[in-house]
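One letter stands for each residue in the lines below.
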Amino acid sequence: MILTFDVGNTSIAICGISSEGQKVHFLEHIATALYEKKDGYLLALRNVLSKRKLYNKDITGTIISSVVPGANRPLLDAIYSTTGTKAHTVSIDDETGLKLEKYDKNCLGIDRLVCAAAAMRHYGTPVMIYDLGTASTLSVVDKDSYFVGGSISPGVQLSLDALGDRCAKLPNYKACDMPLGSAIGSDAKECMEIGAMIGTASMIDGMMMRVRKSLGCEDDDLKVVITGGNAPFVFPHLMDDRAVWDPYLIHKGLAYIFELNHTDSDGYLYQMGS
């Protein structure tokens, strides 16, 4: 089993996954801000492993995708203390199977890189990926495995927070499941929820058509993968039923990148730090 760590601005998703990325054993979350507390990550990670009854012998490697530089060193230390492995932190120079010559890779977020690699590996190309987290990021890989770019827009919760903070008569609401139904709200709460959830779904539906046109591909050729923490709230409202929701996409990508970058001469994964 490989432990994968997706370090986001709000939380860290910790996943136990097979080396091929085909089987997810568990997924847990801890607060990213714990790095500000002494031994915060160490205690939290010990708790996760203890609850799952996992020991060093069960873990063949550890790998991190991070968009929070300040969290990296405390997390690396905690992982080594609890698992005895030196975690690999994904960089833009890792082998991913993607070609980056058509995009300014110095501006490419590691999370987008990892999700794109996973989507290419598990769904094929051409493919577009919407990661619905703090930001809603679109990443596109063409039929020749080139990462060609995408878009970045405010995320579902970020949009709701901005309305609540900047509009005096609008309250603060959290993203949530909402029933399928009318796109016309009857009060402020419904209007905000529809704007955030159905509005984001409509954006994705529209971007699907535009990406297909930009790539010059047939409708059925483009694979569409939705992931991220806000995906469960948005996915049911998509009108294009060819999209798939993959809540483990980034962890599958981390397992794939680990496999590509950490094999011995016989092609077997080795335990990092051994």
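On a predicted model such as this, the values are computed, not experimentally measured, just so you know. (Residues numbered from 1 in each chain as written. Predicted model: local features only at pLDDT ≥ 70, side-chain atom pairs only at ≥ 80, totals over all residues. Heavy atoms only, no water.)

Draft legend 1. Region of interest: the sheet that holds strand 8 (residues 147-154). Overall, mixed pairing links the five strands, which are arranged 8-7-6-9-10 in an open sheet. The open sheet has two edge strands with one neighbour each: strand 8 and strand 10 (244-245). Relative to strand 9 (residues 223-227), strand 6 (residues 127-132) is paired through five bridges, and the arrangement is parallel. Within strand 9, the position partnered with Met-128 by the bridge is Val-224. (Pairing = 2+ DSSP bridges. Helix = DSSP H or I, 4+ residues; strand = E, 2+ residues; numbered from the N terminus.)

Draft legend 2. Structural view of the pattern of salt bridges. Enumeration according to the criterion identifies twelve salt bridges in this entry. Note that Arg-242 and Asp-220 form a salt bridge whose closest N and O atoms lie 3.1 Å from each other. Taken as a pair, Arg-242 in the loop between helix 6 (231-234) and strand 10 and Asp-220 in the loop between helix 5 (188-215) and strand 9 lie far apart in primary sequence, 22 residues in all. We classify Asp-220 as exposed; its relative accessible area is 63%. Connected through salt bridges with shared partners, the residues Arg-212, Asp-220, Asp-240 and Arg-242 form a single ionic network. (Salt bridge = Lys/Arg side-chain N within 4 Å of Asp/Glu carboxyl O. Buried < 20%, exposed > 50% of the residue type's maximum accessible area, 1.4 Å probe, protein only.)

Draft legend 3. Just the environment of Val-68, in detail. Tracing the chain through its elements places Val-68 in the loop between strand 4 (61-66) and helix 2 (69-83). Under the relative-accessibility criterion, Val-68 is labelled buried at 12%.

Draft legend 4. The arrangement of the packing of helix 4 (residues 156-166) against helix 5 in detail. Look at helix 4 against helix 5: their axes get within 10 Å of each other, and the N-to-C directions meet at 150°. Between helix 4 and helix 5, the angle falls in the class roughly antiparallel. You can see that helix 4 and helix 5 cross each other, and the crossing is right-handed. Taken together, the residues of helix 5 that come into contact with helix 4 (itself represented by Val-156, Leu-160 and Leu-163) are Met-192, Ala-196, Met-197 and Thr-200. When its residues are assigned to classes, the contact of helix 4 with helix 5 shows six nonpolar, one polar and no charged. (Axes fitted to C-alpha atoms, helices over the stretch in contact; angles between N-to-C directions. Parallel < 35°, antiparallel > 145°, perpendicular 65-115°, else oblique. Left-handed = near helix turned anticlockwise from the far one by under 90°. Contact = heavy atoms within 4.5 Å. Nonpolar A, V, L, I, M, F, W, Y, C, P; charged D, E, K, R; others polar.)

Draft legend 5. The arrangement of the nonpolar core in detail. In this structure, Val-90, Leu-98 and Leu-113 are the most contacted members of the largest nonpolar core, which totals 30 residues. Elements supplying a minimum of two residues to this core: strand 2 (11-17), helix 3 (110-123), strand 6 and helix 7 (249-261). Examining the composition of this core, we find that nine residues originate from one element, helix 3, more than from any other. By size, the runner-up hydrophobic cluster in this structure holds 27 residues, among which are Met-128, Val-140, Leu-160 and Ala-231. (Core = buried A, V, L, I, M, F, W, Y, C linked by side-chain atoms within 4.5 Å.)

Draft legend 6. Quick look at the confidence of the model for the protein chain. When the pLDDT values of the protein chain are averaged, the result is 91; 95% of them are 70 or greater. Contacts for the low-pLDDT stretch residues 264-274, under 50 throughout, to residues beyond four places or in other chains number 29 contacts. (pLDDT = per-residue confidence, 0-100.)

Draft legend 7. Quick peek at the environment of Ala-231. Mapping Ala-231 onto the fold places it in helix 6. For the pair Ala-231 and Ile-92, spaced 139 residues apart in the sequence, the C-alpha separation amounts to 26 Å. If we skip the residues at most four places from it in the chain, Ala-231 touches Leu-132, Ile-226, Pro-236 and Trp-245.

Draft legend 8. Inspection of unusual backbone geometry at higher detail. Going from Thr-125 to Pro-126, the amide bond is cis rather than trans, its omega being -5°. For Asp-39, which is not glycine, the phi torsion reads 60° and is therefore positive. With respect to the helices, strands and loops of the structure, Asp-39 is situated in the loop between strand 3 (24-31) and helix 1 (40-51). With a phi close to 70°, Ser-145 is a non-glycine residue in the positive phi region.

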